[in-house]
Amino acid sequence: VQLQASGGGLVQAGGSLRLSCAASGRTFSNYVMGWFRQAPGKEREFVACISWRGGHTYYTDPVKGRFTISRDNSYNTVYLQMNSLKPEDTAVYYCAATTTIAVVSEMYPYWGQGTQVTVSS
C-alpha cells in the first residue's frame, strides 16, 4: 500500500491542524493505520492508531484529549486532527499502515513520506 501524507504547516501554540494520509494500491480497510512523529534529534515515536473500521483508537499520553485520529474507508484516508498544539508537538509526522494493532514503528511495514508540523510559541 502506498501512503501520501499532507496537511502539515506552521501554527502558533494553541492552534489546530488536520493531517491527512491518502492510501492507494490495496484494500484500505485491511489495514490498521497509525501516526508517528519524529522531532529533531529524537527517535520516532508513536502518536495514535486506529483499527480497521475505526472502532478502536489508541493514543500516546501526551496527545490524549488534544489529538483525534479518524478514518474514512470510502475515501481511503486517515486523519489526525490536532488541537491545542504545543511547541513540543513540533516534528515530522508520518502515517503508516500495518495489519495488526501496534504502537511500535517496527510493526508497521508501510510508511508515507512525512509532513512537517511546526508549532511556534
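Residues numbered from 1 in each chain as written. Predicted model: local features only at pLDDT ≥ 70, side-chain atom pairs only at ≥ 80, totals over all residues. Heavy atoms only, no water.

Caption draft 1: Spotlight on the pairing of strand β8 (residues 77–82). Most of β8 is tucked away, with 5 of its 6 residues classed as buried. Here 6 bridges tie strand β3 (residues 17–24) to β8, and the two strands are oriented antiparallel to one another. In the strand pairing of β8, L19 is matched with L80. Across 6 bridges, strand β7 (residues 67–72) lies against β8 in antiparallel orientation. What sits directly across from T68, in β8, is Q81. (Buried < 20%, exposed > 50% of the residue type's maximum accessible area, 1.4 Å probe, protein only. Helix = DSSP H or I, 4+ residues; strand = E, 2+ residues; numbered from the N terminus. Pairing = 2+ DSSP bridges.)

Caption draft 2: Looking closely at the packing of aromatic side chains. Tallied over the entire structure, the rule returns 6 aromatic pairs. Here the aromatic rings of Y31 and Y110 are separated by 5.8 Å at their centres, their planes lie at 90°, and the arrangement is edge-to-face. In this pair, Y31 sits in the loop between β3 and β4 (32–38) while Y110 sits in strand β10 (residues 110–111), placing the two residues 79 residues apart along the sequence. Given a relative accessible area of 6%, Y31 falls into the buried group. A relative accessible area of 24% places Y110 in the partly exposed class. The rings of F36, F46, Y94, Y108 and W111 are connected pair by pair, giving a single aromatic cluster. In this structure, R44 is placed above the aromatic ring of Y94, and the distance from its NZ or CZ to the ring centre is 3.9 Å. Note that R44 overlies the ring of W111, its terminal NZ or CZ placed 4.6 Å from the centroid. (Phe/Tyr/Trp six-rings, centres within 6.5 Å; stacked < 30°, edge-to-face > 60°. Lys NZ or Arg CZ within 6 Å of the ring centre and 35° of its normal.)

Caption draft 3: Representation of the nonpolar core. With 29 residues, the main nonpolar core has M33, W35, L80, M82 and Y93 as its most contacted residues. Looking at this core, the elements with two or more residues in it are β1 (2–6), β3, β4, β5 (45–50), β7, β8, β9 (91–98) and β11 (115–120). Apart from residues lying up to four places away in sequence, M82 is in contact with G15, S16, L17, L19, R66, F67, Y93 and V117. Counting residues in each nonpolar core, the second largest holds 7 residues, with V32, F36, C49 and A96 among its members. (Core = buried A, V, L, I, M, F, W, Y, C linked by side-chain atoms within 4.5 Å. Contact = heavy atoms within 4.5 Å.)

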